[in-house]
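Descriptive structure summary
Here is what each chain is made of, one letter per residue.
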Amino acid sequence: MSGTESRTLADLKDLAVAAAVVPSDQPKREPKRDAQGRAYATGRRKNAIARVWVKPGKGEILINDKKASQYFARPVLRMLITQPFLVADRYNQFDVFCTVVGGGLSGQAGAVRHGISRALTNYEPDLRGILKVAGFLTRDSRVVERKKYGKAKARRSFQFSKR
């Protein structure tokens, strides 16, 4: 694929099949679960930080003690947080409990997606290749550029006037 074409979930699933073949020389990863059978991970995006716990269940997603549909009102944000499950073919198989702080809703949704992806790899290490190829394990390091003195914003100058 060239850089200008967009990927669909179907394309990512095709890549996941190729990534599922693990070379025999790599050591087998062990699942990391706590006493309650949950896997924990931290997800980050912009200024948002999400602490995510994943355990087998019916597919309930709780964010700051609210349902995902209530916390993320926009459908795009809800779609964003379910992508790791769709790519890994684990939709409605895991319950998610997470707390999110900082940033705005878009950054928080990205942080939750990152945390869910990392927690899934901790729970089921075989999913790592699939999620890695899809790009869900990579922390998006882009953050807002800081404002500089003498400027209206980070780079925007004040309007020039001759008078």
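As a reminder, the structure under discussion sits directly above these lines.
Let me begin by describing the structure that accompanies this report. Everything numeric here is computed off the predicted structure, so don't read it as measured data. Chains are numbered independently. Their residues run from 1 in the order of the written sequence. Local features are withheld for residues below a pLDDT of 70 in this predicted model, meaning they are given only at 70 or higher, and side-chain atom pairs are given and counted only at 80 or more; totals for whole chains, interfaces and linings count all residues. Hydrogens and water are ignored here; the side-chain numbers use all heavy atoms of the structure.

1. A short note on the overall build of the protein chain
Under the convention used in this document: Helical segments are the DSSP runs of H or I of at least four residues, strand segments are the runs of E of at least two, and each set is numbered from the N terminus. Classification of residues uses two cut-offs on accessible area relative to the type maximum, computed with a 1.4 Å probe and protein chains only: under 20% is buried, over 50% is exposed, and between them is partly exposed. Residue contacts follow a heavy-atom distance rule, with two residues in contact if any of their heavy atoms lie within 4.5 Å. Note on areas: these come from Shrake-Rupley sampling with a 1.4 Å probe, and a residue is covered only by the protein chains present in the view.
For the protein chain, the helix and strand inventory stands at 5 helices and 5 strands. When the helices and strands of the protein chain are read in sequence order from the N terminus, they spell out α-β-β-β-β-α-α-β-α-α. Split into buried and exposed, the 163 residues of the protein chain put 34% on the buried side. Restricting the contact set of the protein chain to residue pairs at least 6 apart, pairs at least 24 apart contribute 69%. About 10,900 Å² of surface is accessible on the protein chain, with carbon and sulfur atoms providing 52% of the total.

2. Overview of the pattern of salt bridges
Test applied: When a carboxyl oxygen of Asp or Glu lies within 4 Å of a side-chain nitrogen of Lys or Arg, that pair is called a salt bridge.
Taken as a whole, this structure holds 7 salt bridges when the rule is applied. Where Asp34 meets Arg38, a salt bridge forms, and the shortest distance between an N and an O atom there is 3.0 Å. Asp34 sits in the partly exposed class, given a relative accessible area of 30%. According to the relative accessible area criterion, Arg38 is partly exposed, its value standing at 28%.

3. A short note on the sheet that holds strand E5 (residues 94-101)
The condition that has to hold: At least two DSSP bridges between two strands are required for those strands to pair. Interaxial angles span 0 to 180 degrees and are taken between N-to-C directions of axes, which are lines fitted to C-alpha atoms, for helices over the stretch in contact.
Strand order in this open sheet of 5 strands is E1-E2-E5-E3-E4, and the pairing throughout is mixed. The open sheet has two edge strands, strand E1 (39-45) and strand E4 (66-67), and neither has a second partner. Of the strands in this sheet, strand E3 (61-63) and E5 touch helix H3 (residues 75-87), which is tilted by about 145° from E3. Its contacts with the sheet place helix H4 (residues 105-123) against E1, strand E2 (48-56) and E5, and it is angled at close to 150° to E1.

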